[in-house]
Amino acid sequence: MLILEAERDTLLKPLQAVTGIVERKHTLPILSNVLIERTGGQTNILATDLEIQIHTHGPHTDAEDFRITTNAKKLQDILRALPEGAIVALDWAQNRLTLKAGKSRFALQTLPAEDFPLVQEAPGFGPAFCVPQKTLKDLLAQVSFSMAVQDIRYYLNGILFETEGNKLSLVATDGHRLAFTSATLDAEMPKQQAILPRKT
């Protein structure tokens, strides 16, 4: 069954956005895979390490709904090796994903999509806000050095984000030192706190 046909870059770019958290060696083999699914007319690409989950939209396809998982790094390496502008076709049959591009054919093993662990999102999770990338990078750089590394007090292995009014505050500590910084938001926010893990 042909599930996807698109230009190389329209598949490679969203794949690269999610594969950064995929680890080659993991106790659960499925965590080396990426989930590619089509639901409601939208192609989604998703990867997780059970701590972080990254989700992005892939190229448009007219195929019927599907859900597959395949090795993320191998798929990315194959796509990188293909010439720019190449048209890539993904064909799925008998638990095997076949990638076709020009005269090239690659067969990739798949694992059942039902076994792919999804991080559950809290229903009605608080309001969202936008921060320019440069601002967020600057804020993280000012406090990240104070994060603990593999502390038994797991809540110290991350950065506390707090919003209140039009202020975003970041705090990090390892129990010996503490770093604090803040920035002004464009919107008014209720008081809310969340700890983002080090890897995030």
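This is a predicted model, so every value here is computed, not measured. (Residues numbered from 1 in each chain as written. Predicted model: local features only at pLDDT ≥ 70, side-chain atom pairs only at ≥ 80, totals over all residues. Heavy atoms only, no water.)

Novice: How do you make sense of the overall build of the chain when you look at a structure like this?
Specialist: Counting secondary structure elements, the chain contains three helices and ten strands. When its helices and strands are written in sequence order, the chain yields β-α-β-β-β-β-α-β-β-β-α-β-β. Its C-alpha atoms give the chain principal-axis dimensions of roughly 60 × 35 × 35 Å. Expressed as a percentage of its 200 residues, the buried residues of the chain come to 41%. (Helix = DSSP H or I, 4+ residues; strand = E, 2+ residues; numbered from the N terminus. Buried < 20%, exposed > 50% of the residue type's maximum accessible area, 1.4 Å probe, protein only.)

Novice: What's the story with the packing of aromatic side chains in this structure? I'm lost.
Specialist: Where two aromatic rings form a pair, the distance of their centres and the angle of their planes describe that pair. Scanning all chains against the criterion turns up one aromatic pair. Judged by centre distance (5.7 Å) and plane angle (75 degrees), the rings of Tyr 154 and Tyr 155 are edge-to-face. Overall, Tyr 154 belongs to the exposed group, its relative accessible area being 68%. Residue classification places Tyr 155 among the partly exposed residues on the basis of a relative accessible area of 45%. (Phe/Tyr/Trp six-rings, centres within 6.5 Å; stacked < 30°, edge-to-face > 60°.)

Novice: Could you clarify how one ought to interpret the nonpolar core in this entry?
Specialist: Nonpolar side chains tend toward joint burial in soluble globular proteins. By size, the foremost hydrophobic cluster in this structure holds 26 residues, and its most contacted members are Val 34, Leu 79, Val 88, Leu 90 and Leu 99. Elements with a minimum of two residues in this core: strand S1 (2-7), helix H1 (8-19), strand S2 (33-39), strand S3 (42-48), strand S5 (66-71), helix H2 (72-81), strand S6 (87-93) and strand S7 (96-101). Once you skip the residues sitting within four places of it in the chain, Leu 79 turns out to touch Arg 8, Leu 11, Leu 12, Leu 15, Val 88 and Leu 99. Counting twelve residues, the second largest nonpolar core, distinct from the first, contains Leu 139, Met 147, Ile 159 and Ala 183. (Core = buried A, V, L, I, M, F, W, Y, C linked by side-chain atoms within 4.5 Å. Contact = heavy atoms within 4.5 Å.)

Novice: I would appreciate a short explanation of the pairing of S5 in the present structure.
Specialist: On a regular strand, each side chain points to the face opposite its neighbour's, so the side chains alternate between the two faces of the sheet. Of the pairings in the sheet, the one linking S2 to S5 comprises six bridges and is antiparallel in character. Among the inter-strand pairings, Glu 37 is bridged to a residue of S5, identified as Arg 67. (Pairing = 2+ DSSP bridges.)

Novice: Would you take a moment to explain H2 for this structure?
Specialist: Every α-helix winds through 3.6 residues per turn, so residues three or four apart in the chain are directed the same way. Residues of H2 that are buried: Ala 72, Lys 73, Leu 75, Gln 76, Ile 78 and Leu 79. Residues of H2 that are buried sit in contact with H1, S2, S5, S6, S7 and strand S8 (104-111). For H2, the capping residue at the N-terminal end is Asn 71, with a side-chain oxygen 3.2 Å from the backbone nitrogen of Lys 73. (Polar contact = N/O pair within 3.5 Å; in protein donor to acceptor, adjacent residues only side chain to side chain.)

Novice: Can you help me understand the pattern of salt bridges in this one?
Specialist: Any two side chains of opposite charge can pair, given that their charged atoms come close. Taken as a whole, this structure holds six salt bridges when the rule is applied. With a closest N to O distance of 3.1 Å, Arg 38 and Asp 65 form a salt bridge. Here Arg 38, found in strand S2, pairs with Asp 65, found in the loop between strand S4 (53-57) and S5; they are 27 residues apart in sequence, far enough to count as distant. With relative accessibility at 11%, the residue Arg 38 sits in the buried group. (Salt bridge = Lys/Arg side-chain N within 4 Å of Asp/Glu carboxyl O.)

Novice: Explanation requested: the sheet that holds S3 in the structure shown.
Specialist: Strand pairing in a sheet is mediated by backbone hydrogen bonds. Such pairs are either parallel or antiparallel. Reading across from one edge, S1-S6-S7-S8-S5-S2-S3-S4 is the order of the eight strands in this open sheet, with antiparallel pairing throughout. Each end of this open sheet is capped by a strand with a single partner; those strands are S1 and S4. Here the strands of the sheet are splayed against their neighbours by 30 degrees on average, with no regard to which way each runs. Pairing of S7 with S8, which is carried by six bridges, proceeds in the antiparallel orientation. Bridge pairing links Thr 98 to Ala 107 in S8. Across the sheet, H1 touches S1, S2, S3, S4 and S6, and the angle it forms with S1 is around 100 degrees. Sitting on the sheet, H2 touches S2, S5, S6, S7 and S8, and the angle it makes with S5 is about 85 degrees. (Axes fitted to C-alpha atoms, helices over the stretch in contact; angles between N-to-C directions.)

Taken by themselves, the reported measurements are silent on function.
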